[in-house]
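# Tertiary structure, described
Here is what each chain is made of, one letter per residue.
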Amino acid sequence: NYHSIKLHSFHVLKNTPMETEFHAGRLHIPTMAEHVAMAADFLENTPKHIAVQRISGDAPKEYIIAPEWCLNKSEIRRELEEEFRRRKSFQGSAL
């Protein structure tokens, strides 16, 4: 059993193999809107009693290659809340 979850955004860090793939154009980096939609889909299927500790991951600014939006956690939260309002849904609503 689990009692909490953490969601992370896909991000590219400096000096990693993913940085090479990113600069070669071989990676799709989700937009904030795509991340929010995927997070909402996931959370609609997550029981309400499960605590959500994080809805996006990040790293220190000096290590982030992309996307820059992952550094703005408060905006991601606002966008997720707006997505739930738009859908008229909430955590666990699809169960």
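These remarks concern the structure in this document. (Residues numbered from 1 in each chain as written. Predicted model: local features only at pLDDT ≥ 70, side-chain atom pairs only at ≥ 80, totals over all residues. Heavy atoms only, no water.)

Within the chain one finds 3 helices and 4 strands. For the chain, the N- to C-terminal ordering of α and β elements is β-β-α-α-β-β-α. Across its three principal axes, the chain shows a C-alpha extent of roughly 40 × 30 × 25 Å. The 95 residues of the chain split such that 35% are buried. At a minimum sequence separation of 6, the contacts of the chain that also span at least 24 residues come to 72%. Averaging the locations of the 13 positively and 13 negatively charged side chains of the chain gives two centres separated by 5 Å. (Helix = DSSP H or I, 4+ residues; strand = E, 2+ residues; numbered from the N terminus. Buried < 20%, exposed > 50% of the residue type's maximum accessible area, 1.4 Å probe, protein only. Contact = heavy atoms within 4.5 Å. Lys, Arg positive; Asp, Glu negative; His and termini not counted. Charge placed at Lys NZ, Arg CZ, Asp CG, Glu CD.)

Our next topic: helix α3 (residues 73-87). End to end, α3 covers 21 Å across 15 residues, agreeing with the expected 21 Å (1.5 Å per residue, within 8%). Buried positions along α3 lie against α2 (32-44). Backbone geometry just downstream of α3 places Lys88 in the positive-phi region, at approximately 55 degrees. (Expected span 1.5 Å × (residues − 1).)

Below, the discussion takes up the environment of Pro60. Topologically, Pro60 is positioned in the loop between β3 (51-54) and β4 (64-66). With a relative accessible area of 40%, Pro60 lands in the partly exposed category.

On to the nonpolar core, then. Among the nonpolar cores identified, the biggest contains 16 residues, and Leu43, Ile76 and Leu80 are the most heavily contacted of them. Elements that contribute at least two residues to this core include exactly α2 and α3. The dominant element in this core, judged by the number of residues it contributes, is α2, at 5 residues. In contact with Ile76, not counting residues within four places along its chain, are Met32, His35, Val36, Ile55, Ser56, Trp69 and Cys70. (Core = buried A, V, L, I, M, F, W, Y, C linked by side-chain atoms within 4.5 Å.)

Mapped onto the elements, His28 comes out in the loop between α1 (17-23) and α2. When the C-alpha positions of His28 and Leu95 are compared, they lie 30 Å apart, and in sequence the two are 67 residues distant. Residues contacting His28, with those up to four places away along its chain left out, are Phe10 and Glu34. Among the polar contacts listed, one links the side chain of His28 to the side chain of Glu34, at a separation of 3.1 Å. (Polar contact = N/O pair within 3.5 Å; in protein donor to acceptor, adjacent residues only side chain to side chain.)

Function-wise, these values are silent; they only describe arrangement.
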